Every structure is written in C-alpha cells, then in structure tokens.
Amino acid sequence: MGILELQNLTYSYDKKRKVLRGINAQMEAGKMYAILGPSGCGKTTLLSLLGGLDSPTSGNILFEGKGIAQAGLAGHRKKNVSFIFQSYNLIDYMTPQENVRLTSKKPALPFLERLGLTREESKRNVLKLSGGQQQRVAIARALASEAPVILADEPTGNLDEDTAGDITEILKESAHQMKKCVIVVTHSGELAKQADVVFRLKKGELQIEQSEKSS
Ligand SMILES: Nc1ncnc2c1ncn2[C@@H]1O[C@H](COP(=O)(O)OP(=O)(O)OP(=O)(O)O)[C@@H](O)[C@H]1O
C-alpha cells in the first residue's frame, strides 16, 4: 500500500474544462517521484490536492489508507505534508531560522547551512534574501519538518545548475535515507533522471513514464 493513494481524481476550476480527468496512482515512502508535463496541464493543481490545499471535484486521496477529506484537510496539511512551493510560503517578517523552527523542534541552523546559507543570512529577514536563497530556506524548512511527505513545485526552478544539482541530491537523500515520500513537479530533465518514478501529466491523465527496475 502506498503512503498516498489517488483514486479516480478529477478537478475543474470551472464547468467548461476538466483539468484532471480520473487520476489513479500510488506513491510510497522512501521514493522520489517526478511529475512532468507542459505548462498549464495541471501539475500545481494536482500537488495542491495532494497537500489538502483544495478538494478534488470527485475522487479520493488516501493517506496511509484513510481519506484525507474524512480525516480533515487541516490536520493533513499540518502533520502529513511539507511544501516547497513556487511562492515559497515563507513567513516574511521572520528570519530563515524562525521559519524553519515553525515546522521542527530540531536545530534550524544545520539545515540552513546544508542548503548553503551562511549564519548571517540565516538570521536576516527573509525578504532581504534573493529569490534563490528564499527557495533554499523553503527547502530547509521542508527537510527539517517531521512530515512524511514532501511536495515540491519546481524546487530547482530559480537556481543555478550546481545548486539545482545539490538540491536534487538532497531531495533524493530525503527519500532514500530519511524514508520520505518526495513528490516533485518539475520541468527539469536532470531532476527527473534522478527520480525513482517519473509520471507525465497529459490531457488531464497521469501516466507512468519511467519506473524503477526494482524497489
Ligand atoms: N484559480 C484558478 N482559476 C481558474 N483556472 C485556473 C486557476 N488556477 C489554475 N488555473 C488553470 O488550470 C490549468 C492548470 O494550472 P496549473 O497551475 O495546475 O498548471 P501547471 O501544470 O502547474 O503549469 P506550470 O507548469 O505553468 O506551472 C491552467 O490552464 C490554469 O490556467
């Protein structure tokens, strides 16, 4: 059984068009999943549903076998998932250290330093950091979090090639060593190559493009 199970999910923003049309999939702990697909095909929408930020038009999402809608979306967002989203979702009047401490009791600095932030940057207001640095704070926060699922939307989008490679490696380690279920929406072929399973979202349907040979 997967940690997350998607059962016949559909989603429409309006009556005219279904963005998602009957998606079925399972995602397991200990694996990194990449979701590829053209701009506007519904990748962020799908990630929002998995994170309980919105509800599907029809269908179910199960976390450890229980429906997240029935168990409560607020609890799902708080305990089960951590987000690395395009808008970063950092608390903007806080420092990086304070942002990381929101999701974890562990010391924040080692996570921030691992993502390449200096001690001084870790104590600065997040608005006084570059876009790429803010992105790295969001990643540090997700890694420090106790939540078993990491949902990442273009986590390497704002970063140079070397940093993007490091982030990919860190996400992979979180899956393989910390046994998290890491689900990454990306346009990066390099990141997708490192994933255990690659899904492609096309015309509202999710297809497996590459699956690991053995698990
Ligand atoms: N709040 C909204 N109201 C109406 N339509 C929306 C809304 N948010 C997104 N859409 C539309 O739904 C579709 C899917 O959007 P989504 O952001 O999920 O795509 P995506 O695959 O993540 O795109 P990208 O790769 O460009 O980030 C798009 O056509 C988008 O214009």
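Residues numbered from 1 in each chain as written. Predicted model: local features only at pLDDT ≥ 70, side-chain atom pairs only at ≥ 80, totals over all residues.

Going by an unreviewed UniProt entry, the chain carries the name ATP-binding cassette domain-containing protein and comes from Acutalibacter muris. Database annotation for the chain, UniProt heading Sequence similarities (unreviewed entry): "Belongs to the ABC transporter superfamily." (UniProt positions renumbered as here; feature names shortened; annotations may be inferred.)

Peer 1: Honestly, the overall build of the chain in this entry has me stumped. Any pointers?
Peer 2: Along the chain, the regular secondary structure elements total 9 helices and 10 strands. In terms of overall dimensions, the chain is globule-like: its C-alpha atoms have a radius of gyration of 17 Å, near the 17 Å expected for 215 residues. If one aligns the C-alpha atoms of the chain with their principal axes, the spans along those axes are about 50 × 35 × 35 Å. Counting over 215 residues, the chain shows a buried share of 44%. (Helix = DSSP H or I, 4+ residues; strand = E, 2+ residues; numbered from the N terminus. Rg over C-alpha atoms; globule rule 2.2 N^0.38 Å. Buried ≥ 20, exposed ≤ 12 C-beta atoms within 10 Å, placed from the backbone.)

Peer 1: Which parts of the structure should I look at to understand the site of the ligand?
Peer 2: Around the ligand, the structure places Tyr 13, Val 19, Gly 37, Ser 39, Gly 40, Cys 41, Gly 42, Lys 43, Thr 44 and Thr 45. Ranked by residue count, the leading element in the shell around the ligand is helix α1 (residues 43-50), at 3 residues. Within the shell around the ligand, the residues separate by chemical class into 3 nonpolar, 6 polar and 1 charged. (Near = placed C-beta within 6 Å. Nonpolar A, V, L, I, M, F, W, Y, C, P; charged D, E, K, R; others polar.)

Peer 1: So what exactly am I meant to see when it comes to helix α8 (residues 161-176) here?
Peer 2: Between its terminal C-alpha atoms α8 stretches 22 Å, which fits the 22 Å expected from 16 residues at 1.5 Å a residue. Among all positions of α8, only Ile 167, Thr 168, Leu 171, Ser 174 and Ala 175 are buried. With its buried residues spanning 120° around the axis, α8 presents them on a single face. In α8, those exposed residues whose orientation departs by more than 90 degrees from the buried face are Asp 162 and Glu 169. Packing partners of the buried residues in α8 comprise β3 (32-36), α7 (131-144), β7 (149-153), β8 (181-185) and α9 (189-194). (Expected span 1.5 Å × (residues − 1). Arc of directions from axis to C-beta. Contact = placed C-beta atoms within 7 Å.)

Peer 1: Mind showing me how you'd approach the pairing of β8 here?
Peer 2: Consecutive side chains of a regular strand alternate in pointing toward one face of the sheet and then the other. Taken across its 5 residues, β8 has 5 buried, putting it largely inside the fold. Burial along β8 is two-sided: Cys 181, Ile 183 and Val 185 and Val 182 and Val 184, pointing in opposite directions, are all buried. Where β3 meets β8, 4 bridges bridge the pair, whose relative direction is parallel. What sits directly across from Ala 34, in β8, is Val 184. Relative to β8, β7 runs parallel, the two sharing 5 bridges. Bridge pairing in β8 places Ile 150 opposite Val 182. (Pairing = 2+ DSSP bridges.)

Peer 1: Would you explain the nonpolar core in this entry?
Peer 2: Note on soluble globular proteins: their nonpolar side chains tend to be buried together. In this structure, Tyr 33, Ile 35, Ile 183 and Val 184 are the most contacted members of the largest nonpolar core, which totals 62 residues. Here the element with the most residues in this core is α7; it accounts for 7 residues. In this structure, Tyr 33 is in contact with Met 27, Val 182, Ile 183, Val 184, Ala 195, Asp 196, Val 197 and Phe 199, ignoring residues within four places of it in sequence. (Core = buried A, V, L, I, M, F, W, Y, C linked by C-beta atoms within 7 Å.)

Peer 1: Just to check I follow, could you spell out the sheet that holds strand β2 (residues 18-27) for this structure?
Peer 2: Hydrogen bonds between backbone groups are what pair the strands of a sheet, and the pairing can be parallel or antiparallel. Strand order in the open sheet made by the 4 strands is β2-β1-β4-β5, with antiparallel pairing throughout. Each edge of the open sheet carries a strand with a single partner, namely β2 and β5 (66-67). Along the sheet, α1 contacts β1 (4-12), β2 and β4 (58-63); its crossing angle with β1, the most-contacted strand, is approximately 125°. (Axes fitted to C-alpha atoms, helices over the stretch in contact; angles between N-to-C directions.)

Peer 1: Any chance you could explain the environment of Val 182 here in plain terms?
Peer 2: Checked against the element boundaries, Val 182 lands in strand β8. Counting along the chain gives 31 residues from Val 182 to Leu 151, while the straight-line C-alpha distance between them is 6.2 Å. Filtering out sequence-adjacent residues up to four positions away, Val 182 remains in contact with Met 32, Tyr 33, Ile 150, Leu 171, Ser 174 and Ala 175.

Peer 1: Where do I start with the confidence of the model for the chain in this structure?
Peer 2: Parts of the model with low pLDDT should not have their predicted coordinates read in detail. A residue-level look at the chain finds 97% of positions with pLDDT of 70 or above and a mean pLDDT of 92. What the predictor reports for the complex is a pTM of 0.92 with an ipTM of 0.95. (pLDDT = per-residue confidence, 0-100.)

Peer 1: Can you walk me through unusual backbone geometry in this structure?
Peer 2: Most peptide bonds take the trans configuration, and most residues that are not glycine carry a negative phi. Not every positive phi belongs to a glycine, and Glu 154 is a case in point at roughly 50°. C-beta crowding within 10 Å serves as the criterion here: with 19 such atoms nearby, Glu 154 is assigned to the partly exposed category. Here Lys 203, not a glycine, exhibits a phi torsion of approximately 50°, which is positive. When you line up the elements, Lys 203 lands in the loop between β9 (197-202) and β10 (205-211). Here Lys 203 falls in the exposed class, since 11 other C-beta atoms lie within 10 Å of it.

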